[in-house]
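Residue-level structural notes
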Amino acid sequence: MEEKPTNGLREKAERRKRIERMKRGIVLTIICWMIISMILCVVLLCRVIILQNQVNHLKDVLAVTSGDESMVPGLSQAMPDTQQLLDESHSTGKIANASDNLAGEEDSHKVYLTFEDGPSSNTEEILDILAEHEVKATFFVVGKEDEESKALYQRMVAEGHTLAMHSYSHKYSTIYNSVEDFSEDLLKLQDYLYDVTGVRCKYYRFPGGSANQVSNVEMTEFISYLNQQGLVYYDWNVSSGDAASQAYTPEELVDNVTADVVKYKTSVVQLHDSDTKTTTVDALADMIEALQAEDVELLPITDDTTVIQYIDASSVQ
């Protein structure tokens, strides 16, 4: 008679255990779902932030390229971390006295390959290619104090290339903050290169070009300073297109240059010599060979070179 009540109690106990296990399982499932949901929300939030930054980056590029600073609040106060973005922009000005440089059928073509932003991990290979093709170029360099860079400055000079200046820091917020800051940066680079190579550089290229839309100061004030110092600045009238990372293939870079140099008596070609410009290196040999096939003169910038400028320095007091 006692077995039935005992069995009933056991069944109830087992049932309670099963219910407890089910409850724990449901609770654990809800907790796991909540944790996974939170992780997914965080991941999605990060992706939204990344996408927003990319959209803002594209807006900045468009604003700098078009010269519309209203698209980017505070752009004129450009901070150092935007320097690479600004360096990829193109100047919006037109070459001064461009009509005088248009080539006729009987005119010869002088082409000046100019490299900005070096030295870098690509410079040695660029120098090797130039040496193999017996071509001299112009390097608008920045200030780098490591031993490898010092050796590259010295090699540029030793191999007959023109060593020129592109600012020491390449920080727009510093260079274009005032004439005093510009002067300090320039003289620091000029003195440093003289100490390393024995060459007193006298040619300069403004980061972003002389018609950039970034400077806090009128560019004519910097040009006036260069005039007072007896320094000559160069813009460019042929762009390879390598300023925009990975925008063109090596073949397209070659086409961009060869299509334009035939238009001018003097072509100053803008190329870049920085760590990311491997496409430029890949294009260089074919570019030189294509230009040589057109029977152009490939030269380094000298005192005899026709000056290519967006703002005519001779018009600035």
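Residues numbered from 1 in each chain as written. Predicted model: local features only at pLDDT ≥ 70, side-chain atom pairs only at ≥ 80, totals over all residues. Heavy atoms only, no water.

**Digging into a negative patch on the surface**
A cluster of acidic residues, E124, E125, E132, E251, E252, D255, D282, D286 and E289, forms a negative patch at the surface. Where the negative patch is concerned, the elements lending two or more residues are helix 3 (123–132), helix 8 (250–261) and helix 9 (278–293). Topologically, E252 is positioned in helix 8. (Patch = residues over 30% accessible without salt bridge, like charges linked within 9 Å, V, L, I, M, F, W, Y side chains within 5 Å. Areas by Shrake-Rupley, 256 points an atom, 1.4 Å probe, with all protein chains shown as cover. Salt bridge = Lys/Arg side-chain N within 4 Å of Asp/Glu carboxyl O. Lys, Arg positive; Asp, Glu negative; His and termini not counted. Charge placed at Lys NZ, Arg CZ, Asp CG, Glu CD. Helix = DSSP H or I, 4+ residues; strand = E, 2+ residues; numbered from the N terminus.)

**Thoughts on unusual backbone geometry**
Note the cis peptide between G118 and P119, where omega equals 0°. Structurally, P119 can be placed in the loop between strand 1 (110–116) and helix 3. Phi at D117 takes a positive value of approximately 85°, unusual for a residue other than glycine. Inspection of the secondary structure assignment puts D117 in the loop between strand 1 and helix 3. Of note in the backbone geometry, S167 takes a positive phi value of approximately 90° without being a glycine. With respect to the helices, strands and loops of the structure, S167 is situated in the loop between strand 3 (162–165) and helix 5 (172–175). With a relative accessible area of 0%, S167 lands in the buried category. (Buried < 20%, exposed > 50% of the residue type's maximum accessible area, 1.4 Å probe, protein only.)

**Overview of the pairing of strand 3**
A regular strand carries its side chains on alternate faces of the sheet. Covered by surrounding structure in strand 3 are T162 and A164 together with L163 and M165, the residues of both alternating faces. Where strand 2 (residues 138–141) lies against strand 3, four bridges are found, and the strand directions are parallel. Bridged to F140 within strand 3 is A164. Considered for its hand, the β-α-β crossover made up of strand 2, helix 4 (residues 147–158) and strand 3 is right-handed. (Pairing = 2+ DSSP bridges. Right-handed = clockwise from strand over helix to strand, strands pointing away.)

**Overview of the nonpolar core**
Counting 56 residues, the largest nonpolar core has L113 and F206 as its most contacted members. Dropping the residues within four chain positions of it, L113 is found in contact with V135, A137, T138, V269, L271, L284, I288, L291, L298 and L299. If you look at the next biggest cluster of nonpolar residues, it comprises twelve residues, including F140, A164, Y234 and W236. (Core = buried A, V, L, I, M, F, W, Y, C linked by side-chain atoms within 4.5 Å. Contact = heavy atoms within 4.5 Å.)

**Regarding the packing of helix 3 against helix 9**
The contact between helix 3 and helix 9 brings their axes to 10 Å, and the two run at 15°. Looking at the two axes, helix 3 sits roughly parallel to helix 9. Crossing handedness for the pair helix 3 and helix 9: right-handed. Counted together, E125, I126, I129 and L130 of helix 3 and V281, L284, A285 and I288 of helix 9 form the full contact between these two elements. A per-class count over the contact of helix 3 with helix 9 returns seven nonpolar, no polar and one charged. (Axes fitted to C-alpha atoms, helices over the stretch in contact; angles between N-to-C directions. Parallel < 35°, antiparallel > 145°, perpendicular 65-115°, else oblique. Left-handed = near helix turned anticlockwise from the far one by under 90°. Nonpolar A, V, L, I, M, F, W, Y, C, P; charged D, E, K, R; others polar.)

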